[in-house]
Amino acid sequence: MTKSLRVLVVDDEPAIARVLEPVLRARGAEVFLAASAAEAVRVALREPVDIVLLDLGLPDADGKDIITKLRGGGETAVIVISARHQEAEKVAALDEGADDYVNKPFVIDELLARIRAAQRRLPSAAAAASLKTDKLSVDFATRTVRIMGDEVKLSPKEYELLRTLAEHAGQVVTHRRLLLAAWGDPATDPQYLRSYMALLRQKLEDDASEPEILLTEPGVGYRLALG
Amino acid sequence: MLAAALFVAATAVAAVLAEEFARPLSSALAYVLGVTLIGAVGGLRLGLLCAVTASLIYNFFISEPTFRFAIASADELVPLLAFNLCALTSGLLAGRLNDRAREAEAARRRLGALFEVSERLQAAADPAAISLAVAEYADAVLEASHELYTLRSSHGLTPVTTTAFADLAAELHGSDEPALRRGAALALRLATADEHVGVLVLQSAAALEAPERRPELDAFVNLVSIALGRCLLLERVSEAELVKRSEELKTTLLSSVSHDMRTPLAAISASASSLLSFWEDLDPPVRTDLLRTIGEQGDRLNRYTEKLLGLARLQGGLDVEQFSVVDAAEALGAVLARVRQASPEHEFRKELGPGPLLVRADPVMLEQVFHNVLENAALYSPARSAVSVRAAAEGGAAVICVRDEGPGIPPADLQRVFERFTRSASSAGREGSGLGLSIAKGFVEAFGGGIVARSPLGTQGGTEVAISLPIAKDGEK
């Protein structure tokens, strides 16, 4: 690693910062801390960071409202840390430009996986020509999809959906963004999306009723599992 | 028509009698009979008309001199007078009778309408239903539009309908008068024996001001007052009931929190402090074990908090508008995958019908329903036993059945499994919070579905929990 990952943790709860700071540091990251929205924006301006872990419930402002400022020109990925049952909140944050979210409480492995997934999407990372996981491989240039080495034929819409999910592999992709990618209109009946995801699962999953690759994020969207 | 027919018949008979038998007296009598009958049936005006016509015809055709209008003798005058007097008398009598009948019919109709509105008012459960009943009556019988205001001691005067006459209602409320009139609007005080319950404003009900209709209006106002008073009383009673139940819930909740939160907290605290104090003295496997305990008990606390949150959401009321169309089969699959990981010692079998099971629900809450039911099945059945899950469309419903091979639930407890904080005696010492199934039931009912438990199943025991949710209609989002 030529340059260490720079992570800003925005949370007013000191206990969270106290755990995250040493763990992230141990993983080779440079860690900055902020306990309020104002401080977070100040730090982000002074120290361009790669990843922001943002708690939405901050004392001085709604975390959602500073996402645009924290993202800078898009060189920073924002991962929202949010409670379950706040799906509308998560979707709003994702629409504001957040890249992903983690449900609170989380286990550290999950958080690190989300950070790795976000890292892949940073402009500093070379645009991948393909995606390879344990079972699935997608070659973006030739539009070839293989599952356990066997090529799978997909319809154009199915491929568009899979490509969008694969480009954000490991990250949540909202219903809206998937509808936009495959149908060109975010107001398309979500029923179509559900049907096409079911078809994709039939073709890619061992057991389409208990998917391991194309996961549902209830009320938010879908996520392509990385491993 | 009948009168005309009678008149023609009488004329014909009279003419025949006069011509054929030269009996002018008989023909005159036939005319009298006809005119009387016409007066009786057709009323005063028609009777008189026929009488005058009869006089003319009699005079012209029958009495001497024939074919001329002239009276030859006083004898000839009598039939003419008789025609007209008979017609007058019978017409007046018939007319009065008719009027009486019409009045009686109208009164009967009004009474019927009053009776009908009283029945509807008795059935009305809230001010809006009362307003609906009033609207129908006011529209059909009083030919007036209305506004209804309720008076609650806590809120003051609140409108149920439109508020065009809010000022007038407030003015009446502030005065001691039973009614106030402004222009075509009449504000009436609604009061029961011991309190004022509201104001009714009737617009353009001028006809009701007539003294003979006053009792009807009074009766109507009285009926509305009683109905509204009853509704307001019911509101107060159910509020009091709600307060009482929420107090009971708080008490149970507190005892549950102190048990279900303290137990994992105690384990976490003991493990962490042991590690901190005796790190050097503890064997590495013990350290790992203590750390794992901290993680597991953390999960347990999290699950419990989720349930408390679910409870809070149910208490707060769920917004049906927030629901969307969800594939219940997909949600079930996601939950199954999670539960398989959490309970590796159980064998989960599934049997899914073809195609999606689209229902209108909140996606996260629906997963919680399935999670709670599956978790419960695993929690209360022995390790290495099977939990089978079946999901299929049956009629217009998505039916999801979860069946375990546990000891089953005694019939006495079966009724209560969906109540909060219920744990059967045999489950004492297990981890359950007694909230899972009650939350599942609350959510399922919010989605318009139902949930039942059956136990024991056949001779081998076991429990089946069946959830049924209405299939979303085409075009629903």
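Residues numbered from 1 in each chain as written. Chains lettered and ligands numbered in written order. Predicted model: local features only at pLDDT ≥ 70, side-chain atom pairs only at ≥ 80, totals over all residues. Heavy atoms only, no water.

1. Here we look at the sheet that holds strand β11 (residues 450–454) of chain B
Residues and elements named next belong to chain B.
- A sheet is described by the order of its strands in space; here five strands give the open sequence β7-β9-β10-β12-β11, paired in mixed fashion. For this open sheet the edge positions go to β7 (347–352) and β11, each flanked by a neighbour on one side alone. Each strand of the sheet is rotated relative to its neighbour by a mean of 15°, with strand direction disregarded.
- Where strand β9 (residues 386–394) lies against strand β10 (residues 397–403), seven bridges are found, and the strand directions are antiparallel. Within β10, the position partnered with S388 by the bridge is R403. (Pairing = 2+ DSSP bridges. Helix = DSSP H or I, 4+ residues; strand = E, 2+ residues; numbered from the N terminus. Axes fitted to C-alpha atoms, helices over the stretch in contact; angles between N-to-C directions.)

2. Thoughts on the nonpolar core
All names here are of chain B.
- Membership of the largest hydrophobic core comes to 48 residues, with the highest contact counts inside it found for L366, F370, L374, F447 and I467.
- For this core, the element with the most residues is helix α11 (residues 363–379), which contributes eight residues.
- Here F447 is in contact with F323, R360, A361, D362, M365, L366, V369, L469 and P470, once residues within four sequence places are set aside.
- Grouped together as the second largest cluster of nonpolar side chains are 28 residues, L114, A124, L200 and V224 included. (Core = buried A, V, L, I, M, F, W, Y, C linked by side-chain atoms within 4.5 Å. Buried < 20%, exposed > 50% of the residue type's maximum accessible area, 1.4 Å probe, protein only. Contact = heavy atoms within 4.5 Å.)

3. Regarding the sheet that holds strand β4 (residues 77–83) of chain A
Residues and elements named next belong to chain A.
- Sheet architecture is open: five strands sit in the order β2-β1-β3-β4-β5, paired in parallel fashion. Whereas interior strands pair on both sides, the edge strands pair on one side only; in this sheet they are β2 (30–34) and β5 (100–104). Averaged over all pairs of adjacent strands, the angle between their axes in this sheet comes to 20°, without regard to strand direction.
- Alignment of strand β1 (residues 6–10) against strand β3 (residues 51–55), held across four bridges, turns out to be parallel. In the sheet register, V7 faces β3, and the bridge partner there is I51.
- Packing of helix α2 (residues 37–46) onto the sheet brings it into contact with β1 and β2, and relative to β2 it is tilted by some 145°.

4. Considering the interface of chain A and chain B
- Each side of the interface is counted separately: chain A has 15 residues, and chain B has 20 residues.
- When the two sides are added together, the surface that chain A and chain B hide from each other amounts to roughly 1,600 Å², 50% of it contributed by carbon and sulfur.
- At the junction of chain A with chain B, the criterion picks out four salt bridges.
- At the junction of chain A and chain B, the tally comes to seven residue pairs in polar contact (both at pLDDT 80 or more).
- The greatest single-element share of the side of chain A that touches chain B, amounting to three residues, is contributed by helix α8 (residues 190–204) of chain A. (Buried area = accessible area lost by both parts, 1.4 Å probe. Salt bridge = Lys/Arg side-chain N within 4 Å of Asp/Glu carboxyl O. Polar contact = N/O pair within 3.5 Å; in protein donor to acceptor, adjacent residues only side chain to side chain.)

5. A short note on the side chain of A:R201
- In this fold, A:R201 is placed in helix α8.
- We classify A:R201 as buried; its relative accessible area is 5%.
- Beyond its immediate stretch of four places on either side in the chain, A:R201 contacts A:A208, A:P211, A:L214, A:L215, A:T216, A:Y222 and B:E330.

6. Quick word on the domain arrangement of chain A
All names here are of chain A.
- Taken domain by domain, chain A comprises domain 1 (6–120) and domain 2 (130–224).
- Placing a centre on the C-alpha atoms of domain 1 and another on those of domain 2 gives a separation of 26 Å.
- Listed as interface residues are twelve residues of domain 1 and, on the opposing side, twelve residues of domain 2.
- Carbon and sulfur atoms make up 47% of the area that domain 1 and domain 2 hide from each other, which totals about 1,000 Å². (Domains from an automatic or database assignment.)

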